[in-house]
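So you can see what is in the structure, the chains are spelled out below.
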There are 4 protein chains.
Amino acid sequence: TRFTVDTKSDKALQVKTTIRELITYLVYLTILCIVTYGMVESTAYFYTKAMKELFVDVNLEPDGDDTFLDIQSMADFWTYAEGPLLDGLYWEEWYNNKTFSDDELGYIYHENKLLGLPRLRMLRVRSDSCSVAEDFADEITSCYASYSRAIENTSSFGLINGTAWTYHTENELDTRSYWGLLATYGGGGFPQLLNSTKVQANKAIGSLKENLWMDRGTRVVFIDFSVYNANINLFCVVKLVVEFPPSGGAFASSTLWSIKLLRYVTSYDYFVMACEILFVIATIYYTIEEILEAAIGRMKYLKSIWNWLDILMLLLSYVVISFGVYRTITVNSTLDSLLSKPGQHADFETLAFWQMQYNYIIAILVFFAWFKLFKYISFNKTMNQLSSTLSKCAKDVLGFCIMFFIVFFAYAQLGYLIFGAQVKDFSTFGDSIFTLFRIILGDFDFLEMEKANRILGPIFFVTYVFFVFFVLLNMFLAIINDSYSDVKGDTSEGDDEFRISDYLLRGFEK
Amino acid sequence: TRFTVDTKSDKALQVKTTIRELITYLVYLTILCIVTYGMVESTAYFYTKAMKELFVDVNLEPDGDDTFLDIQSMADFWTYAEGPLLDGLYWEEWYNNKTFSDDELGYIYHENKLLGLPRLRMLRVRSDSCSVAEDFADEITSCYASYSRAIENTSSFGLINGTAWTYHTENELDTRSYWGLLATYGGGGFPQLLNSTKVQANKAIGSLKENLWMDRGTRVVFIDFSVYNANINLFCVVKLVVEFPPSGGAFASSTLWSIKLLRYVTSYDYFVMACEILFVIATIYYTIEEILEAAIGRMKYLKSIWNWLDILMLLLSYVVISFGVYRTITVNSTLDSLLSKPGQHADFETLAFWQMQYNYIIAILVFFAWFKLFKYISFNKTMNQLSSTLSKCAKDVLGFCIMFFIVFFAYAQLGYLIFGAQVKDFSTFGDSIFTLFRIILGDFDFLEMEKANRILGPIFFVTYVFFVFFVLLNMFLAIINDSYSDVKGDTSEGDDEFRISDYLLRGFEK
Amino acid sequence: TRFTVDTKSDKALQVKTTIRELITYLVYLTILCIVTYGMVESTAYFYTKAMKELFVDVNLEPDGDDTFLDIQSMADFWTYAEGPLLDGLYWEEWYNNKTFSDDELGYIYHENKLLGLPRLRMLRVRSDSCSVAEDFADEITSCYASYSRAIENTSSFGLINGTAWTYHTENELDTRSYWGLLATYGGGGFPQLLNSTKVQANKAIGSLKENLWMDRGTRVVFIDFSVYNANINLFCVVKLVVEFPPSGGAFASSTLWSIKLLRYVTSYDYFVMACEILFVIATIYYTIEEILEAAIGRMKYLKSIWNWLDILMLLLSYVVISFGVYRTITVNSTLDSLLSKPGQHADFETLAFWQMQYNYIIAILVFFAWFKLFKYISFNKTMNQLSSTLSKCAKDVLGFCIMFFIVFFAYAQLGYLIFGAQVKDFSTFGDSIFTLFRIILGDFDFLEMEKANRILGPIFFVTYVFFVFFVLLNMFLAIINDSYSDVKGDTSEGDDEFRISDYLLRGFEK
Amino acid sequence: TRFTVDTKSDKALQVKTTIRELITYLVYLTILCIVTYGMVESTAYFYTKAMKELFVDVNLEPDGDDTFLDIQSMADFWTYAEGPLLDGLYWEEWYNNKTFSDDELGYIYHENKLLGLPRLRMLRVRSDSCSVAEDFADEITSCYASYSRAIENTSSFGLINGTAWTYHTENELDTRSYWGLLATYGGGGFPQLLNSTKVQANKAIGSLKENLWMDRGTRVVFIDFSVYNANINLFCVVKLVVEFPPSGGAFASSTLWSIKLLRYVTSYDYFVMACEILFVIATIYYTIEEILEAAIGRMKYLKSIWNWLDILMLLLSYVVISFGVYRTITVNSTLDSLLSKPGQHADFETLAFWQMQYNYIIAILVFFAWFKLFKYISFNKTMNQLSSTLSKCAKDVLGFCIMFFIVFFAYAQLGYLIFGAQVKDFSTFGDSIFTLFRIILGDFDFLEMEKANRILGPIFFVTYVFFVFFVLLNMFLAIINDSYSDVKGDTSEGDDEFRISDYLLRGFEK
Ligand SMILES: [Ca+2]
């Protein structure tokens, strides 16, 4: 993309240009990496883990083995809410049983300030949300379908008054919808805040339980709260979800996001800020260059895959920059408003969500930036051989992939249909695909398949391994092997290529 | 199979025909997929899982780790029957300890209507069913062999009167035989229904236990019941089995089938019905075509593998259609009779069994339907190369397979004989084969082998890996690699083939 | 080996001879398989498993997780001996708490007759069995080395009188030495029989515990007993071992052999006996043939690998036959003497040991017998190609193997030296070798290595995978690939070979 | 390196020389191995394991499942310190509840003498060690950063007097710094010795707990002690570490080193000593030879890779020898001083650390010594072929590796950025690299990735497997395959090489 100058005339000049471009690019890559790593904290994992241990991997009952993730019924949920949840949220005494001073209250693990009040939120569906089959119509009068927004039950119930018994819309609660295991849930619902002392929170939960807050219509309960750790300047946004499928039972899951919302605190943070500014400048510079190239090259410009990569990277860069600006503005205003109203729920979820997307996008940007390195090192003969092999066999590989994926999908579908209702790894078509992928790498549970169907299970497994692992994968190898031999044969003759090492050596000799 | 018109004269016409056929076939495939997916519910897995958690993965005792599957003795069985089983079957109060209203009784997880009464069924063998070795004949007077129908004990025992103490034949109980872990059990036995309240059921079980319902002759106990979930319109047929081998101890297993017996309830179901009718029409159409082709082609017709595939698919289609009709008729009549007699056991097992077979057959039909796609895309050059490779190396691969399987079976047998009595994975010849297969993929338990025999275990493992994983698998690769090189060499010259892409391009140019 | 007739003259005759020999051999193989399978019971695994669950996988304490194999101290041993061991050995009441009648006493799981009395046996070493380092000589006065026969302590101790406190030699006890995890233990020791009622046995164990039967010198305790199950005609010889290394702590292991000592009970057993006689005849026949061949061929005879295989198989056959005769004689006399003296320990261990060796030898014999099949099918062209490839690349593979194993052993030793004291999988040089083998197949625990050494662990792992998995294994593949291409190139020209299929076809045409 | 004599003139002479050198080298290698194995005890693993079971894998509470490694809070730490730690350290009665005699006190497992007094040591950071973000500055007044030496809190606190409440420097305590999971900790801190009876030790711990010895500033607590087992002449240096990250929670880890510090006790030890002397002589001999060679060969000398290997090995040898001398001197003096002052903490950690480094270095020396064997066997033709293949493809492999590692690092970084905060295996960049390596071998946890990000997780996994496992690894294979074919083609013509086997045969014929 940078060959705007005609450098064909002189090989030495071309090499010179290439090296200059390579160095420039390495500087750019370094800045990009600094910016990216400024976003993540190496302590984030330990933070997430500590919070997870307290709220997710905790035993429901002191001498049992079941944790939050093993919740199987509404009764289990109440056991969790009244026990480990309250114990985790409200730290009120030291290990020697001395109660905290007022200053020390409101911190989880002594270190993590609980922001605002935790909130329970529940969603229900209507009792007429599906039609009962004729044969059972006499006996079964109410039918509660799987959750979907259209059939949400928004009427008050139970004690009627109190936030927990009246429906609040998505706007009132200012909450995002959530993609759960079983459905995507709306942002409204029946919310209940938990007060700032353990005794009061316990009472609130007790009242909900006593008056059957959850019943047959309940499809999901969320527990939301956020904490801030000043020591490492990280927020942790915790969302505990218990879904109740129409089949009965319950499925618990959790989302914990440890994110850095306050960006510029330490002096290193300000160095990262400087790099961010350099990154913006570099992006603008590359944009101009690409525009120039495109203007000169026209249709030819679009034919190079490298140019497409450039365009993609620039687009991602602009997304990253825009969000960076947006985040900095929003975070402060949000934080101010949240901190000024202590008796409310502090919803950092939206901010956290977007911050996560931002992290993902910049991660992908860096990923592609690494790949662009290939452009600069392909002048090396061996490199050239390898990339020639790749491009030479590309068409065959594509043909092979079609073949491979027809077989693969046929097996994935078969697996889904045969084992779907029994084996977790085949319970959806998507899982089925990934499971077959994992079989190739040797990660599978044959006994589960055999248990699901003692005849078809082994047949499925053995034929799959034979056709895909033995035959198709080896054919893939044959394709690449053949292409490489060809390329090797071609290049070994024309060996008089100009090489960068020669250039460098000559440089030394001077 | 569709080249009934002579299309050799014009390549363009041939391509046109091919494309037309491909599109027709894709439509057919789509219909087939809709019909298939109309049969399965994505919620079925969650349903099975919820029921499994309640009855199978449940702890025998509140603070223990053993579940239903860990039952090891008759005493354990009674612990299960008196505890988790009754708790799972009879839901009589809410989580706040308020008892249910009468309407709410009889539902598992509040949602799943228990159909009819659950049933325990027991089978026994006679005390003279095997001969004791001479040396022990004096001391050991009774001998209870492994279960087989011929030696079933059908005489009344214990309290004599009461269903549980008198033998009922397969016809009286209207039950299917069952393929268990240790034997295939007949459908008769000593049945005991459990009443519709927990107190009465507990009393019935207590009486059985007190009077030694199970003794040395007992070989298996079944617990059968079915539930219906109106929310998702699925039946779940539950069968819990505890087998008592003649060696002592017990082996528990379970079968849970979540199936859709009432097919046409929602509007989407009626759309599926329409597709089913289209499927029948398509089947008839293809049948006629095949007959015509066969009539024209005669012996030549049978030489093409594609035609054999067509015949297989048609046969499967007719099986599917016949069963579909049969199911629709039977289900309704069965359901009516079952619902009209509430105080009886509701046996959905037979129906469920056939429905499962139906699902399997249609799954296999779709699987083959995907493979038929290859027929239509083999005009593509790369595809052709790949399938040529396959057919070229087919003979060598076959020869290789013979070699491979002699070695493989020799090892499987050796493994079975050396480790059979110690290691589960080698406990039968079949398991031994699958275990060796899994070793190739990297899924094995070396320590178990080493424990079973500290000298032969490692030798067996290392030589097997060397010969099969290192030598034979690589030879397989060599065969495919060599064939591909040959085919590639042949086709790269004759490159002037007519291609579908050319045709499509020309079409655009017009 | 059977080409004693000169068949070179006529190809058709040769094929005829080959087919005749093949069929003869298949008959021989069938007989051999029947004889082999007559030795094993498919129920043996279930028997072993049931006994293992009762004595090995049983929890030490009702609400704990530790089993027999988790015994870590002498205190744990006594917990086991007083609890699960006695509960497993003495079944004295039904699940409804009704005590057994006298006839029913003495059976484990109601089915397995306890033969003779169970026995505890303990071995000790002397307190001066090693020398204390000078620096500690003042403080530490006694030193108990790892067990070896030379330093066994044979003096009476504790209560002095009573079998448990006086040494009995190997001859007195008539016991075999035992190859344990830490050492090979002699057959003598301090034995204690357990009486036939739970109360008395408990008292005996209590007395041992009270008087410190086990102390610092104790190196191992054995618990021995045998049971016989008349239902399936199998003996189970149980040996529970707890070793006490000089480092402190304890290591428990178990050996359970389910074997068929009484061979001829059912009518099928007599059919097997007939086959055994046929096998003896066949062995004699082949012996004579081989002698003839050897006499004719002289030195040439020894050059064929097939002849060596024949000799090996014949030797194994004679070992099998001799032992078969010996076993039949011994078992009966042993059993008679054992059954006539009920108040003693019934030692089936020696018999069981030899029976196991017999089973292993016959298993290996059948294994080789399968390989001999290759001799008869190598006339097929594809087969010939494959075996030519193998023999062609044999020398290169051998060279490769030397290279491979130098690298492999260098890594194995390095792994042993670096991780040996920390990671079980590298704790001996042998384990280290197997672990490296398992890494190639993808079965390893990287985290353990990393934990043992955070720097060398990952370096070791990554370089090993690179050199062995990436480089050496692929070189192996290259060797085989290259050989196959050569062989394929050679044979594709000379394609006019006479084939067995032609012969068979001609046969049909007649 | 040993071709100081010009042997080109006569092939037979050359072979003779080679064989002589090979034999000399094998003798050297044997001595080296004996020296190395004299350093390790095969019982070391069992020793480590026994100690680990007592202190690390022990349950915190008798009926719980959590062990030392599951400590999650300061409260858990105290539970451990007051329970299992004291139970493990102080063995005061036999299994029959009889208390020990005075001689028997002070031994763990009856066998392992506790050297000196165990010690708790704690490190704290200052409350102003980081700056709180502006928004929270009002509410959060103290900030405790991750541990680093610069911000250590060295002021006295709590009860002020008593060692546990005043800071002791690294020199006072004579302790090494420690590389923990979260940071490298200094050797100073607040130490507390535990007295030699359980009652007193319990009281000391109780006092610490009561007065809040650990608070928000605490970053790590060490538990240190050493034991000596006279039976097997091994020391075990135990270090239990509980780190408290600034995020809250706790991370426990342990280091147990079983080492042989007293080298010359048994007669075998003196044999090893003799070998050690021979090793020193051999090292000197080889040093002289290398110097001669280098003097003759000059620059040419440095061009051979074998010579570099020689130099490396000699350097390692001298390090080994120096340390061996140092260790022998230091150990005795240290031990004397330690044993003479019984009421103090016995710090064997430094000695143990250096002994471990010594073991690692000698292990690496032996590793390279094995590789040097290749030099002597490369005269064999097949060997030559293989090593030619390696050297021929080296350049291509290098080019490939660059390509491979760019892709690999791009993925590692992406994985770290996407999954880092959620999945342990990606929680650092280093872990991310190893995890991707392990995926290639089939050891991974797909479900964790999917859970961390339901969209990017599977995409990441599938594309990685496709590009790296399918494409790149196969390309690697193609490179090696191609090189081997070339080399094979070249050498098969020039087959008249002089071989060692010929020489040996001729030797026999004479
Ligand atoms: Ca694998």
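None of the values given here were measured: they were computed from a predicted structure. (Residues numbered from 1 in each chain as written. Chains lettered and ligands numbered in written order. Predicted model: local features only at pLDDT ≥ 70, side-chain atom pairs only at ≥ 80, totals over all residues. Heavy atoms only, no water.)

Draft legend 1. Focus on the interface of chain B and chain C. Each side of the interface is counted separately: chain B has 80 residues, and chain C has 79 residues. Regarding the contact of chain B and chain C, the summed buried area is about 7,400 Å², with carbon and sulfur atoms giving 68% of it. Per-residue buried area on chain B facing chain C is highest for B:Phe136, B:Leu417 and B:Arg454; these three make up 9% of the total on that side. Summed over the shared surface of chain B and chain C, the number is two salt bridges. Summed over the shared surface of chain B and chain C, the result is 19 residue pairs in polar contact (both at pLDDT 80 or more). Looking at the side of chain B that touches chain C, the elements that each hand over two or more residues are α3 (74-89), α5 (198-210), α10 (381-419), α11 (429-441), α12 (446-452) and α13 (456-493) of chain B. Looking at the side of chain B that touches chain C, the element that brings in the most residues is α13(B), giving 16 residues. Residues of the side of chain B that touches chain C, tallied by class, amount to 51 nonpolar, 15 polar and 14 charged. (Contact = heavy atoms within 4.5 Å. Buried area = accessible area lost by both parts, 1.4 Å probe. Salt bridge = Lys/Arg side-chain N within 4 Å of Asp/Glu carboxyl O. Polar contact = N/O pair within 3.5 Å; in protein donor to acceptor, adjacent residues only side chain to side chain. Helix = DSSP H or I, 4+ residues; strand = E, 2+ residues; numbered from the N terminus. Nonpolar A, V, L, I, M, F, W, Y, C, P; charged D, E, K, R; others polar.)

Draft legend 2. Representation of the coordination of the calcium ion in the model. Around the calcium ion, the protein contributes the donor atoms A:Leu441 (O), B:Leu441 (O), C:Leu441 (O) and D:Leu441 (O), which lie 3.2 Å from the metal centre. Residue B:Leu441 is found in helix α11, and its partner D:Leu441 is found in helix α11 (residues 429-441); the two belong to separate chains. Of the two residues examined, B:Leu441 and D:Leu441, each falls in the buried class. (Donors = N, O, S within 2.8 Å, 3.2 Å for Na, K, Ca; no water. Buried < 20%, exposed > 50% of the residue type's maximum accessible area, 1.4 Å probe, protein only.)

Draft legend 3. Quick peek at the state of the cysteines. As enumerated under the stated definition, the model contains four disulfides over all chains in all. Disulfide pairing places B:Cys130 opposite B:Cys143 at an S-S distance of 1.8 Å. With the S-S dihedral at roughly -95 degrees, the linkage between B:Cys130 and B:Cys143 falls on the left-handed side. Here B:Cys143 lies in the loop between β2 (112-124) and α4 (170-173) and B:Cys130 lies in the loop between β2 and α4, a separation of 13 residues in the sequence. Note on B:Cys130: relative accessible area 22%, which makes it partly exposed. The structure places no disulfide on C:Cys33, whose sulfur is separated from the nearest cysteine sulfur, that of C:Cys275, by 11 Å. A relative accessible area of 15% means that C:Cys33 is categorised as buried. (Disulfide = S-S within 2.5 Å.)

Draft legend 4. Molecular detail of the pairing of strand β7 (residues 234-243) of chain D. Residues and elements named next belong to chain D. Here β7 lies mainly inside the structure; ten of its ten residues are buried. Side chains Leu234, Cys236, Val238, Leu240 and Val242 project from β7 onto one buried face, and the interleaved Phe235, Val237, Lys239, Val241 and Glu243 project onto a second face that is buried too. Sheet analysis places strand β6 (residues 218-229) next to β7, joined by ten bridges and oriented antiparallel. Looking at the pairing, Phe222 lines up with Val241 of β7. If you look at the hairpin formed by β6 and β7, you'll find four residues sitting between the two strands, and Asn233 has a positive phi there, around 55 degrees. With nine bridges connecting them, β7 and strand β8 (residues 251-259) associate as antiparallel partners. (Pairing = 2+ DSSP bridges.)

Draft legend 5. Local environment of the environment of A:Phe251. Structurally, A:Phe251 can be placed in strand β8 (residues 251-259). Among the residues examined, A:Phe251 registers a relative accessible area of 8% and is labelled buried. For A:Phe251 and A:Leu69, which are 182 residues apart along the polypeptide, the C-alpha to C-alpha distance reads 7.4 Å. Once residues lying within four places of it in the same chain are set aside, the contact partners of A:Phe251 are A:Leu181, A:Leu182, A:Val241, A:Val242, A:Glu243, A:Pro245, B:Phe46 and B:Lys49.

Draft legend 6. Spotlight on empty space enclosed by the protein. One number sums up the size of the largest cavity: a volume of about 730 Å³. A:Phe469, B:Phe469, C:Phe469, C:Leu477 and D:Phe469 are the residues nearest the centre of the largest cavity, which is lined by 32 residues in total. Breaking the lining of the largest cavity down by element, the ones donating at least two residues are α11 (429-441) and α13 (456-493) of chain A, α11 and α13 of chain B, α11 (429-441) and α13 (456-493) of chain C together with α11 and α13 (456-491) of chain D. Ranked by residues supplied to the lining of the largest cavity, first place goes to α13(C) with six residues. Counted by class, the lining of the largest cavity contains 25 nonpolar, seven polar and no charged residues. (1 Å grid on protein atoms, 1.4 Å probe; cavity = no way out; pocket = protein on both sides within 12 Å on 5 of 7 lines; lining within 4 Å. Points joined across faces, edges and corners; volume = space filled by probe spheres on them.)

Draft legend 7. A look at the side chain of B:Ser129. Residues and elements named next belong to chain B. With respect to the helices, strands and loops of the structure, Ser129 is situated in the loop between β2 and α4. Only 2.7 Å separates the side chain of Ser129 from the backbone oxygen of Arg126, close enough to count as a polar contact. Within the local environment of Ser129, its side chain forms a polar contact with the backbone nitrogen of Ala145, the two atoms lying 2.9 Å apart. If near-sequence neighbours (up to four positions away) are discounted, Ser129 is found in contact with Cys143, Tyr144, Ala145 and Ile151.

Draft legend 8. Spotlight on unusual backbone geometry. Residue and element names in this part refer to chain B. Even without a glycine there, the phi angle at Asn233 is positive, about 55 degrees. Mapping Asn233 onto the fold places it in the loop between β6 (218-229) and β7 (234-243). Accessibility expressed as a relative area gives 8% for Asn233, which makes it buried.

Draft legend 9. Region of interest: the pattern of salt bridges. Tallied over the entire structure, the rule returns 68 salt bridges over all chains. For D:Glu170, the salt bridge identified is with D:Arg149, shortest N-O distance 3.0 Å. In this pair, D:Glu170 is assigned in helix α4 (residues 170-173) and D:Arg149 in the loop between β2 (112-124) and α4, connecting sequence segments 21 residues apart. Taking relative accessible area as the criterion, D:Glu170 reaches 28% and is therefore assigned partly exposed. Take D:Arg149: its relative accessible area is 46%, and that puts it in the partly exposed class. Overlapping salt bridges bring together A:Arg119, A:Asp224, A:Lys239 and A:Glu349 as one network.

Draft legend 10. Geometry of the packing of aromatic side chains. All told, the structure shown has 240 aromatic pairs over all chains when counted by the stated rule. Taking 5.8 Å as the distance between ring centres and 40 degrees as the angle between the ring planes, the aromatic pair formed by C:Tyr25 and C:Tyr28 counts as tilted. Taken together, the residues C:Tyr25 and C:Tyr28, both in helix α1 (residues 11-37) and three residues apart, mark about one turn of the helix. The ring centre of B:Phe157 lies 3.8 Å from the NZ or CZ of B:Arg124, which sits over that ring. Here the guanidinium or amino end of B:Lys372 rests over the ring plane of B:Tyr286, the centre of that ring lying 5.2 Å away. (Phe/Tyr/Trp six-rings, centres within 6.5 Å; stacked < 30°, edge-to-face > 60°. Lys NZ or Arg CZ within 6 Å of the ring centre and 35° of its normal.)

Draft legend 11. A look at helix α2 (residues 44-55) of chain B. Residues and elements named next belong to chain B. For α2, built from twelve residues, the straight-helix expectation of 16 Å at 1.5 Å per residue is met to within 8% by its first-to-last C-alpha distance of 17 Å. For α2, a buried count of ten out of twelve residues is recorded, marking the element as mostly surrounded by other parts of the structure. Of the residues making up α2, those classed as buried are Ala44, Tyr45, Phe46, Tyr47, Thr48, Ala50, Met51, Glu53, Leu54 and Phe55. (Expected span 1.5 Å × (residues − 1).)

Draft legend 12. Region of interest: the environment of C:Tyr95. Checked against the element boundaries, C:Tyr95 lands in the loop between α3 (74-89) and β1 (107-108). With a relative accessible area of 11%, C:Tyr95 lands in the buried category. For the pair C:Tyr95 and C:Trp354, spaced 259 residues apart in the sequence, the C-alpha separation amounts to 38 Å. The residues contacting C:Tyr95, other than those within four sequence positions of it, are B:Met74, B:Ala75, B:Trp78, B:Lys209, B:Leu212, B:Trp213 and B:Met214. Within polar-contact distance, the side chain of C:Tyr95 engages the backbone oxygen of B:Met214 at 2.6 Å.

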